Amino acid sequence: MNAIKLFCKAALAALAAAVIAKSVAQEFAYPHNLHDISLRVNEIHAMHEGLNPFHVWDGSVQSEKYRPAPTVGYKPGDDDGDPRAPVAYYPPWHALLTWWYGSLSPQDAGTLLNFANGLALAALALFFLRFPLFRGDCGFADAALAWLVFSAFLAAEFTWNSLTGNYGAFAMGCTVLLAYALEKDGDLLAAAAFTLLSVKPQIAALFGWPLLFGRKWKPLFAAGVFAAAGTLFVAWRLDESPVALIQQIFDVGKPFLEHTDKLHIFRLGELATRLFGPLGANLATISCFAACGILSFLLRNEREWWLKMLPPAIFFPFWTYSWPYDTLAAWPLILAMTLMAFGQEPFRFKSKSLRLCASTVLAIALFELALVRFRHSAHISYRLVFPLFGFAAL
């Protein structure tokens, strides 16, 4: 048995080192063009000028200054030579939080965002120092392996954040802060974290389930008020209907769901599209959303919020489109979930609920192994932890 454990640890260390090496190579291979944050800044600039960037994105308005962004299947370095500033469309309440982007260039905003990402990384490292495993109390070799795996995840996913200027690290901070606030019964802090997380609704939607079944109304109410206020603000600035602005969120999201072969880390959406045609991606999305709700309902009576937050962490990577910088939002919860399975403080609890989550994870892992294609380094790291957690918890 000791020989098997030693072999597994050595294999895990080798794969983690390979992930880090690949991520470092990517950091130097691709230009830091800050694609995502550039879109966000350009969109705010357009709104300052009274132009709804969605109408540029969908081609209904031609602009001499702005052009539609190639949002689906985009890779760092892609450029069609058009000198106009690219725009897409983000939820309107994003503008309420970032209206000050109107006085910044994309480069300045990207610098500030990556500085904030660095602070988030440092805070996350301090957070995991709470665990004896990371402090070295369980032995130097185990601590070295834990930090190596920690670094592998962050290297894989922070690489894409720094390349594109994505909000993944921001969302990661919000999810960790939300779980911590709920565990400490800090409703106001939880409300602030969930409100900020709502800037990326594809993430916030899943985390709404444990809040709903846990009867945490303040975070849900705060996010609803923030979204309504932001939508009304943009509707006033652009002289458009708030209902139309909300509908545009779904319109801009359609291409992402229709290209699951390019945008899913896991293969569920692609398989559903093969089996059921164009509706397959929507069926996969709805099924994952419902499954997350069911698992959240089954965990509703758990006292520990770190357990209640597991369903969104489990289902997030494949309920809608997912790139490595998106999965960064759920990654700390995935690692915390694994530490739970090994009984690491302060998560020293075992329960039927934890075993239920482990069974779900193992079923997903086995299903994915049959369809696996390692296209991103982050894919490897996710698949490392899922079976590891399931094995340990059972």
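Residues numbered from 1 in each chain as written. Predicted model: local features only at pLDDT ≥ 70, side-chain atom pairs only at ≥ 80, totals over all residues. Heavy atoms only, no water.

(A) Broad picture of the overall build of the protein chain. Within the protein chain, the secondary structure is distributed over 21 helices and 2 strands. Out of the 394 residues in the protein chain, the part that is buried amounts to 54%. Restricting to contacts in the protein chain with at least 6 residues of sequence separation, those with at least 24 account for 76%. Accessible area of the protein chain: about 17200 Å², with a carbon and sulfur share of 67%. (Helix = DSSP H or I, 4+ residues; strand = E, 2+ residues; numbered from the N terminus. Buried < 20%, exposed > 50% of the residue type's maximum accessible area, 1.4 Å probe, protein only. Contact = heavy atoms within 4.5 Å. Areas by Shrake-Rupley, 256 points an atom, 1.4 Å probe, with all protein chains shown as cover.)

(B) Spotlight on the side chain of S198. With respect to the helices and strands, S198 occurs in the loop between helix 9 (187–197) and helix 10 (201–213). Not counting residues up to four positions away in its chain, the partners in contact with S198 are W93, A204, A223 and F226.

(C) Looking closely at the nonpolar core. Within the largest apolar cluster, 54 residues are counted, with the highest numbers of intra-cluster contacts made by F128 and L178. The contacts of L178, once residues within four sequence positions are left out, are A190, A193, F194, F207, L211 and M309. Grouped together as the second largest cluster of nonpolar side chains are 30 residues, V41, A88, A95 and L238 included. (Core = buried A, V, L, I, M, F, W, Y, C linked by side-chain atoms within 4.5 Å.)

(D) Geometry of helix 8 (residues 168–183). Here helix 8 contains 16 residues, and its C-alpha end-to-end distance of 23 Å stays within 8% of the 22 Å for a straight helix at 1.5 Å per residue. Listing the buried residues of helix 8 in full gives G168, A169, A171, M172, C174, T175, V176, L178, A179, A181 and L182. (Expected span 1.5 Å × (residues − 1).)

(E) Up close: the environment of A152. Within the secondary structure layout, A152 lies in helix 7 (residues 140–164). For A152, a relative accessible area of 3% gives the class buried.

(F) Main features of the packing of aromatic side chains. Within this structure, the stated rule accounts for 10 aromatic pairs. Aromatic side chains F213 and F297 sit 5.4 Å apart centroid to centroid with 75° between the ring planes, which places their arrangement in the edge-to-face category. Of this pair, F213 sits in helix 10 while F297 sits in helix 15 (residues 280–298); the two residues are 84 residues apart in sequence, bridging distant segments of the chain. Using a relative accessible area of 26% as the deciding quantity, one classes F213 as partly exposed. On the basis of relative accessibility, which here comes to 38%, the residue F297 falls in the partly exposed class. When the ring of F233 is compared with that of W236, the centres are 6.1 Å apart and the planes differ by 50°; the resulting orientation is tilted. On the criterion of helical spacing, the pair formed by F233 and W236 is a turn pair, its members being 3 residues apart in helix 11 (residues 217–238). On the basis of relative accessibility, which here comes to 62%, the residue W236 falls in the exposed class. One aromatic cluster is present, built from ring pairs that chain together W209, F213, F289 and F297. A cation sits over an aromatic face here: K308 above W305, 4.4 Å from the ring centre. (Phe/Tyr/Trp six-rings, centres within 6.5 Å; stacked < 30°, edge-to-face > 60°. Lys NZ or Arg CZ within 6 Å of the ring centre and 35° of its normal.)

(G) Broad picture of the confidence of the model for the protein chain. Mean pLDDT over the protein chain stands at 76; residues scoring 70 or higher make up 70%. Every residue in residues 260–265 is under pLDDT 50, and counting partners more than four places away or in other chains gives 29 contacts. Considering only residues more than four positions removed or in separate chains, one finds that residues 373–381, a stretch of pLDDT under 50, has 27 contacts. (pLDDT = per-residue confidence, 0-100.)

(H) Structural context of the pattern of salt bridges. Tallied over the entire structure, the rule returns 4 salt bridges. The salt bridge involving R40 is made with E43; its shortest N-O contact spans 2.8 Å. Taken as a pair, R40 and E43 lie in helix 2 (residues 35–48) at a separation of 3 residues, close to a single helical turn. You'll find R40 and E43 in the same group, each marked buried. Among the salt bridges present, the one from K216 reaches D187, with a minimum N-O distance of 3.1 Å. With K216 in the loop between helix 10 and helix 11 and D187 in helix 9, this pair connects stretches of sequence that are 29 residues apart. Connected through shared salt-bridge partners, D185, D187 and K216 make up one network. (Salt bridge = Lys/Arg side-chain N within 4 Å of Asp/Glu carboxyl O.)

(I) Summary view of a nonpolar patch on the surface. Taken together, the side chains of L275, F276, L279 and L283 define a hydrophobic patch exposed on the protein surface, amounting to about 450 Å² of accessible area. Looking at where L279 falls in the secondary structure, it is placed in the loop between helix 14 (268–276) and helix 15. (Patch = residues over 30% accessible without salt bridge, like charges linked within 9 Å, V, L, I, M, F, W, Y side chains within 5 Å.)

(J) Region of the structure containing the packing of helix 5 (residues 106–128) against helix 8. At a minimum axis distance of 9 Å, the contact between helix 5 and helix 8 shows a crossing angle of 35°. As helix 5 packs across helix 8, the resulting crossing turns out to be left-handed. Here N117, A120 and L124 of helix 5 come into contact with helix 8, specifically with A169, F170, M172 and V176. Class assignment of the residues belonging to the contact of helix 5 with helix 8 gives a composition of 6 nonpolar, 1 polar and no charged. (Axes fitted to C-alpha atoms, helices over the stretch in contact; angles between N-to-C directions. Left-handed = near helix turned anticlockwise from the far one by under 90°. Nonpolar A, V, L, I, M, F, W, Y, C, P; charged D, E, K, R; others polar.)

(K) Summary view of unusual backbone geometry. A positive phi angle, close to 60°, is found at D185, a residue other than glycine. Positionally, D185 belongs in the loop between helix 8 and helix 9. At R215, a position not held by glycine, the phi torsion is positive, near 55°. Tracing the sequence through the fold places R215 in the loop between helix 10 and helix 11.

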